[in-house]
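Observations on the model geometry
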Amino acid sequence: MSLDHQKAQAFIDQKWDQEIVPELVEYIKIPCKSPHFDPNWDENGYMEQAIQQIATWCEAQEIPGKTLEIVRIEGRTPVIFMEIPASDGSNNPEDDTILMYGHMDKQPEMEGWDEDLGPWIPVIKDDKLYGRGGADDGYAAYASLTALMALQKQGLPHKRTVVLIEACEESGSYDLPYYIDALRSRIGQPSLVICLDSGAGNYDQLWCTMSLRGLASGTLTVDVLHEGIHSGMGSGVVPSSFRIIRQLLTRLEDEKSGRLLPKEFYAEIPHQRLEQTLKVTQVLGDKIVEAYPLKDDTEPMAENHFERLLNRNWRPALSYTGIAGMPDIQNAGNVLRPTTSVKLSLRLPPTANSEKASKVLTEMLLQDPPSNAKVTFTAEQPADGWNAPDVHEWLADSLEKSSQAVYKQPAMYMGEGGTIPFMAMLGEKFPEAQFMITGVLGPKSNAHGPNEFLHIPYAKKLTTCVSQVILDHFNR
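The sections below set out a description of the structure shown in this document. (Residues numbered from 1 in each chain as written. Predicted model: local features only at pLDDT ≥ 70, side-chain atom pairs only at ≥ 80, totals over all residues. Heavy atoms only, no water.)

1. Topic: the layout of surface pockets
Selection rule: Grid points spaced at 1 Å and placed over the protein atoms alone form the basis of the search, with a cavity being a set where a 1.4 Å probe fits but cannot get out and a pocket an open set showing protein on both sides within 12 Å along at least five of seven lines. Lining residues have an atom within 4 Å of a point. Grid points are joined across faces, edges and corners, and a volume is the space filled by probe spheres set on the points. The numbering of helices and of strands both runs from the N terminus, where a helix is a DSSP run of H or I of at least 4 residues and a strand a run of E of at least 2. Any residue that is not Ala, Val, Leu, Ile, Met, Phe, Trp, Tyr, Cys, Pro, Asp, Glu, Lys or Arg is counted as polar, Gly included; the first ten are nonpolar and the last four charged.
Counted as a void, the second largest pocket has a volume near 410 Å³. D384, P421, A424, M425 and E428 are, among the 24 residues lining the second largest pocket, the residues nearest its centre. Of all elements in the fold, only α13 (354-366), β15 (386-387) and α15 (421-429) reach the threshold of two or more residues within the lining of the second largest pocket. Taken together, the residues of the lining of the second largest pocket break down into 14 nonpolar, 7 polar and 3 charged.

2. Some details on the nonpolar core
Counted only if it meets this: Among the buried residues, those of types Ala, Val, Leu, Ile, Met, Phe, Trp, Tyr and Cys that are joined through side-chain atoms within 4.5 Å form a nonpolar core. Only protein chains enter the area calculation, which uses a 1.4 Å probe; residues under 20% of their type maximum are buried, those over 50% are exposed, and those in between are partly exposed. Residue contacts follow a heavy-atom distance rule, with two residues in contact if any of their heavy atoms lie within 4.5 Å.
Within the largest apolar cluster, 113 residues are counted, with the highest numbers of intra-cluster contacts made by W16, F422, M423 and L454. Setting aside chain neighbours within four positions, we find M423 in contact with Y101, V193, C195, L212, W386, F435 and I437. If you look at the next biggest cluster of nonpolar residues, it comprises 24 residues, including L344, L348, A352 and V360.

3. Considering the packing of aromatic side chains
The following threshold applies: Pairing of aromatic rings covers Phe, Tyr and Trp, the last through its six-membered ring, and needs centres within 6.5 Å; plane angles under 30 degrees mean stacked, over 60 mean edge-to-face, and all others mean tilted. Counting as a charge over the ring demands two things of the Lys NZ or Arg CZ atom: a distance within 6 Å of the ring centre and an angle within 35 degrees of the ring normal.
One pass over the full model with this rule turns up 7 aromatic pairs. Taken together, a centroid distance of 5.6 Å and an interplanar angle of 75° make the contact between Y203 and Y458 edge-to-face. With Y203 in the loop between β7 (190-196) and β8 (207-212) and Y458 in helix α16 (residues 456-475), this pair connects stretches of sequence that are 255 residues apart. Both residues of the pair, Y203 and Y458, belong to the buried class. Put simply, the rings of Y203, Y407 and Y458 pair up and form one aromatic cluster. A cation over a ring is seen here: K128 above F453, with NZ or CZ 5.5 Å from the ring centre.

4. Some remarks on the packing of helix α1 (residues 5-28) against α16
The following threshold applies: To obtain an axis, a line is fitted to C-alpha atoms, over the contacting stretch when the element is a helix, and the angle between two such axes runs from 0 to 180 degrees between their N-to-C directions. Put simply, angles under 35 degrees are roughly parallel, angles over 145 are roughly antiparallel, angles from 65 to 115 are roughly perpendicular, and the rest are oblique. If you view the pair so one helix is near and one far, a crossing is left-handed when the near helix is turned anticlockwise from the far one by less than a right angle, and right-handed when it is turned clockwise.
Where α1 contacts α16, the two axes come as close as 9 Å, and the packing angle between them is 130°. By the angle between their directions, the pair α1 and α16 is classed as oblique. Once α1 is placed against α16, the crossing between them reads as right-handed. From α1, H5, A8, Q9, I12, D13, W16, D17 and V21 reach across to α16, where they touch I456, A459, K460, K461, T463, T464, S467 and Q468. Taken together, the residues that form the contact of α1 with α16 break down as 6 nonpolar, 6 polar and 4 charged.

5. Focus on the pattern of salt bridges
Put simply, the rule is: Within this document, salt bridges are pairs made up of a side-chain nitrogen of Lys or Arg and a carboxyl oxygen of Asp or Glu, the two lying within 4 Å of each other.
Scanning the entire structure with this criterion turns up 17 salt bridges. With its nearest N and O atoms 3.2 Å apart, the salt bridge here joins E109 to K33. Placement of E109 in the loop between β3 (97-103) and β4 (123-125) and of K33 in the loop between α1 and α2 (41-44) is noted, with a sequence separation of 76 residues between them. For E109, a relative accessible area of 29% translates into the label partly exposed. Of the charged contacts, one joins R72 and E48 as a salt bridge, the two residues approaching to 2.9 Å between their closest N and O atoms. Note that R72 is positioned in the loop between β1 (67-71) and β2 (79-84) and E48 in helix α3 (residues 46-60), a separation of 24 residues in sequence. Each member of the salt-bridge network shares a partner with another, and the members are E69, E83, R160 and R186.

6. What to know about empty space enclosed by the protein
Counted under the stated rule, the structure contains 3 cavities of 30 Å³ or more. Within this model, the largest cavity holds a volume of roughly 60 Å³. Taken together, R273, Q276, T277, V280, L309, R312, N313, W314, Y413, M414 and G415 form the lining of the largest cavity. When residues of the lining of the largest cavity are traced back to their parent elements, those giving at least two are α10 (271-284), α12 (305-314) and β16 (412-416). When grouped by side-chain class, the residues that make up the lining of the largest cavity number 5 nonpolar, 4 polar and 2 charged. In this structure, the second largest cavity occupies an estimated 40 Å³ of space. In this structure, the second largest cavity is lined by C208, T209, M210, V391, L399, Y413, F435, M436 and I437. Contributions of two or more residues to the lining of the second largest cavity are made by β8 and β17 (434-438). Taken together, the residues that form the lining of the second largest cavity break down as 8 nonpolar, 1 polar and no charged.

7. Concerning unusual backbone geometry
The step from D136 to D137 runs through a cis peptide bond, and the omega angle for that step is 10°. With respect to the helices and strands, the residue D137 is situated in helix α4 (residues 134-138). Of note, M110 is a non-glycine position whose phi angle comes to about 70°, a positive value. Of note, M110 is situated in the loop between β3 and β4. Located in the positive-phi region is A302, a residue other than glycine, with phi close to 75°. For A302, the position within the fold is in the loop between α11 (287-290) and α12.

8. Notes on the side chain of K460
Looking at the secondary structure, you find K460 in helix α16. Filtering out sequence-adjacent residues up to four positions away, K460 remains in contact with Q9, I12, D13, W16 and D17.

9. Brief notes about the state of the cysteines
Formally: Note that a disulfide, as used here, is simply two cysteine sulfur atoms within 2.5 Å.
On inspection of all chains with the given rule, the structure shows 0 disulfides. Unpaired in terms of disulfides, C32 finds its nearest cysteine sulfur in C168, a separation of 13 Å. Under the relative-accessibility criterion, C32 is labelled buried at 1%.

Here you go:
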């Protein structure tokens with residue numbers, strides 16, 4: 001039993017062109033922001049609009065025995081849960097099962113979109129679909145079912161499959177554990193997890209994610225006054241809240257190199273991941289840096305590409321993703337401001353303990369406040385990273401075979417700097433499962449930022465690769 005890749009690709013291309021791309025065009029128009037960014041998501045109704053659109057298309061697909069339910073727990077974002085019987089018609093959760101995952105919530109708008117683009121304005125240009133959420137991760141439900149249908153069109157077998165699409169991933173998936181527990185008996189015991197929410201080093205071959213960083217984040221606030229005062233009267237007497245924040249941050253970060261200082265934020269890098277990173281460095285070379293929209297002559301951190309990838313994938317790094325207490329420039333009078341707040345995003349190595357790191361982060365920021373100012377740190381729910389288990393021979397062979405057949409290039413393995421909280425949950429709950437973590441977020445696709453796009457030809461081919469892996473899972 002083998003897949004006719006040419007026929008499969010023709011079917012998948014047609015499905016994408018005639019149905020999936022038009023669906024994603026409509027999906028991009030919906031500002032279904034994740035609950036962190038839209039606390040009133042339920043009453044605003046955008047999330048419901050998006051989930052109904054995705055569910056309607058999935059319901060309409062002719063897949064024998066498929067069931068779909070929008071599962072709701074009071075006060076939590078909903079999930080789409082689909083069950084697809086095995087090709088022999090059996091649908092026992094105790095049977096061998098594939099779990100396919102994606103999400104449909106989105107990051108906020110972000111500034112800086114090109115003049116003809118926008119977060120909720122779908123634009124197709126040069127085989128790319130621009131707009132928020134198409135690549136991260138609206139396409140996942142559509143591609144998952146299409147990969148299964150490509151097999152069924154050729155009469156090829158597959159195991160029982162469940163598809164889970166959540167609506168809280170961009171907020172740390174804090175609702176998801178409740179659904180995993182509620183659906184545990186229906187999910188079964190997956191032997192293969194396929195996640196279509198990750199990245200690609202280029203658009204020329206199949207990329208598989210082997211690790212994801214964790215996350216500890218929160219808001220640091222320094223208050224020095226009950227109200228703002230004339231800067232001429234106050235400066236030199238009242239300590240600057242901004243300067244105190246600078247002092248606190250030097251406890252965490254070397255300001256010259258960006259290196260994080262607390263040893264609790266680090267973890268040992270496995271030898272296998274070092275070897276894989278070196279191979280990625282050799283394949284991509286200067287494209288590692290060229291993928292970033294660096295301004296003018298801005299130089300990247302670290303002295304070589306190998307160290308840059310390790311920095312991105314296996315070392316802690318601190319980003320400042322928001323600031324409050326500062327007026328816009330045009331409204332900035334001569335006032336010594338009473339307060340400054342910064343949002344901190346601390347990426348952690350895949351194997352670091354995020355709870356411990358969050359506790360250390362909080363303690364370091366709050367102890368002995370400079371000038372005895374009022375310092376608060378509101379930590380958010382931390383998220384553990386993920387390091388893949390050893391890849392079984394059948395899966396390694398399947399990934400290589402599918403990449404060669406579809407892209408005419410070998411499969412590649414790399415780490416990613418982002419966080420998918422679901423992977424850590426699954427790794428803990430299903431330790432025997434194998435993982436295919438992949439996605440369409442390649443160079444300049446810019447998820448979370450302006451000008452996010454989905455590379456349509458790459459996504460079509462990736463869908464065919466998923467079909468091959470599902471078939472090989474059956475044949476293993």
